[in-house]
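Examination of the molecular architecture
What follows is each chain in one-letter form.
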Amino acid sequence: MIGEVTGIRKIRMLYLQLLYRCNFTCLHCFHGKRLQYADAFTAEEATSLLTLMRDEYGTEAVTLLGGEPFVHRDLARLVRHAKEELGQRVEICTNGYRVERRLIEIAPHLDLLRVSLEGIRSTHDGIRRQGSYRSALNSLSLARDLGVSTGATMTITSRNIDEVLPLASILAQLGVRQLKLHHLRVVGNAADHPELLVTTPSAYGRLREELASADLPLEVIVDEDLSEQGAPQVCSPSGGPREIDRIEADPRGALTMSCKAVGKDSHAFWYEKAAGRIVHKPSEADELTLAVPDVVYTRA
């Protein structure tokens, strides 16, 4: 269905939000009230979507996230299916809070564990949860010891913009290979915390200068909209690509792609769980979101 409407024939990665439920209520979480929703993929629904994407669009990798993916009771089953049955690369995005037992269980089938960190010590704990900073570092250390590659994500806010380079150094000591920096979206919980916004756009320019001149101990990937100009406001397809990097599925089954790829159909596709098929529903499209390019800073 996606190919028939957009011309896209290959989608390299599926970002699969297994559920909204989470053991955190972070100040900046874009899900907001949806954290309380019961929507979730069952194991059967998730494995069916994974198989469909592999068979019809050649999807090579999956990133499992939420909510918090480690609270999904069938996480291990899904990881094994994606890796062993479909031969996909498997990544998990997590808050890293008390995941040790389940991490040990899935480690043989996991390619990358990516943990969210919002700064150092009290900065992180103040945004996420008391004690979560130490737990996140412990999870990264355990993954390293289990032979699982690790990465981290950080949403840039007024509280942590000065801690990017110090955090990168700490992560490098733990063997973390990559740090992704994201722009704060003023939706969900973040809409109730305007104090987290970076109100001086030039601060992004200074951050980029620091990253460019630093002797970086790991790779840093920066959202293009972390700039004084921000993200472009208009996005339209130019002929439409035949391949795209990723598609996202939320716990309801709504599918999202970059509007650069599919224009007004960015949010117009749904995975009907009961039928196990993707359908086109342009009348139910949410407001468009924009996937912007990244800038990569590597070690010198």
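As shown above, the structure is provided for reference.
Residues numbered from 1 in each chain as written. Predicted model: local features only at pLDDT ≥ 70, side-chain atom pairs only at ≥ 80, totals over all residues. Heavy atoms only, no water.

**Focus on the overall build of the protein chain**
How we decide: Helix and strand assignments follow DSSP, with helices taken as H or I runs no shorter than four residues and strands as E runs no shorter than two, numbered in order from the N terminus. Remark: exposure states derive from per-residue accessible area (1.4 Å probe, protein chains only) relative to the maximum for the residue type, with buried under 20%, exposed over 50%, and partly exposed in between. The contact criterion used throughout is that any non-hydrogen atoms of two residues lie within 4.5 Å.
Of the regular secondary structure elements, the protein chain holds 9 helices and 12 strands. Of all 300 residues assigned to the protein chain, the portion counted as buried reaches 54%. Residue pairs in contact within the protein chain that sit at least 24 positions apart in sequence constitute 72% of those at least 6 positions apart.

**Things to note about the environment of H267**
Tracing the backbone through its elements, the reader meets H267 in the loop between helix 9 (259-262) and strand 10 (269-272). Relative accessible area serves as the criterion here: at 10%, H267 is assigned to the buried category. In the structure, H267 is positioned 15 residues away from P282 in sequence and 7.5 Å away in space, judged by C-alpha atoms.

**Concerning the pattern of salt bridges**
Between side chains of opposite charge, a pair can form as their charged atoms come close. Heads up, the rule is: Whenever a carboxyl oxygen of Asp or Glu lies within 4 Å of a side-chain nitrogen of Lys or Arg, that contact is scored as a salt bridge.
Counted under the stated rule, the structure contains 16 salt bridges. One continuous salt-bridge network, built from bridges that share partners, spans R12, E243 and D245.

**Things to note about the nonpolar core**
This is how the line gets drawn: Only buried residues count toward a nonpolar core, which is a set of Ala, Val, Leu, Ile, Met, Phe, Trp, Tyr and Cys residues joined through side-chain atoms within 4.5 Å.
Counting 72 residues, the largest nonpolar core has L16, I156, L179 and L181 as its most contacted members. If you tally residues by element for this core, the top one is helix 2 (residues 43-57), at 7 residues. Ignoring anything within four residues of it in the chain, the contact list for L16 reads F41, A46, L49, L50, V62, T63, L64, L65 and A249.

**Observations regarding the packing of aromatic side chains**
Threshold: Side-chain rings of Phe, Tyr and Trp, where Trp is taken by its six-membered ring, are said to pair if the distance between their centres is within 6.5 Å; with planes under 30 degrees apart they count as stacked, over 60 as edge-to-face, and otherwise as tilted. We call a charge positioned above a ring when the Lys NZ or Arg CZ atom is no farther than 6 Å from the ring centre and deviates by at most 35 degrees from the ring normal.
Inspection of the entire model under this criterion finds 3 aromatic pairs. Both rings, one in Y20 and one in Y37, keep their centres 6.0 Å apart while their planes meet at 90 degrees; by these two values the pair is edge-to-face. Of the two residues, Y20 is situated in the loop between strand 1 (10-17) and helix 2 and Y37 in the loop between strand 1 and helix 2; the sequence distance between them amounts to 17 residues. Under the relative-accessibility criterion, Y20 is labelled buried at 0%. Overall, the relative accessible area of 41% leaves Y37 in the partly exposed class. Centre to centre, the rings of F41 and Y271 are 6.5 Å apart; their planes meet at 25 degrees, and the pair counts as stacked. Within this pair, whereas F41 is found in the loop between strand 1 and helix 2, its partner Y271 is found in strand 10, the two being separated by 230 residues in sequence. Judged by relative accessible area, which is 2%, F41 ranks as buried. Classification of Y271 as buried rests on a relative accessible area of 2%. Lying over the aromatic face of F41, K273 brings its terminal NZ or CZ to 4.5 Å of the ring centre.

**Remarks on helix 7 (residues 164-173)**
Stated precisely, the cut-off is as follows: To be clear, the arc concerns the directions from the helix axis to the C-beta atoms.
Those residues of helix 7 that fall on the buried side of the exposure criterion are V164, L167, A168 and L171. When helix 7 is viewed along its axis, its buried side chains cluster within an angular range of 105 degrees and face the same direction. Packed against the buried residues of helix 7 are helix 6 (132-145), strand 5 (149-156), strand 6 (178-183) and helix 8 (202-213). In the stretch just after helix 7, G175 is the one whose phi turns positive, near 85 degrees.

**Brief notes about the environment of A214**
Here A214 shows up in the loop between helix 8 and strand 7 (219-223). What makes A214 partly exposed here is its relative accessible area of 22%. A sequence separation of 49 residues divides A214 from L165, and the C-alpha atoms of the two residues are 8.3 Å apart.

**Structural notes on the packing of helix 2 against helix 3 (residues 75-85)**
Quick note on the threshold: Axis angles are defined between N-to-C directions and span 0 to 180 degrees, where every axis is a line fitted to C-alpha atoms and, for a helix, only to the segment in contact. In this scheme, roughly parallel covers angles under 35 degrees and roughly antiparallel covers those over 145, while 65 to 115 is roughly perpendicular and the rest are oblique. A crossing counts as left-handed when the near helix is turned anticlockwise from the far one by less than a right angle, and as right-handed when that turn is clockwise.
Interaxial distance between helix 2 and helix 3 falls to 10 Å at its minimum, and their mutual angle equals 25 degrees. When the axis of helix 2 is compared with that of helix 3, the two are roughly parallel. The way helix 2 lies across helix 3 gives a crossing that is right-handed. Residues A43, E44, A46, T47, L50, T51 and R54 of helix 2 form the contact with helix 3, whose participating residues are R77, L78, H81, A82 and E85.

**Brief notes about the state of the cysteines**
Cut-off, in case you're wondering: Put simply, a disulfide is two cysteine sulfurs that come within 2.5 Å.
Counted by the stated rule, this structure contains 0 disulfides. Just so you know, C22 is unpaired, no disulfide at all, and the nearest cysteine sulfur is the one on C26, 6.1 Å from it. You can call C22 partly exposed: its relative accessible area is 26%. No disulfide involves C29; its sulfur sits 6.3 Å from that of C26, the nearest cysteine. Residue classification places C29 among the buried positions, given a relative accessible area of 16%.

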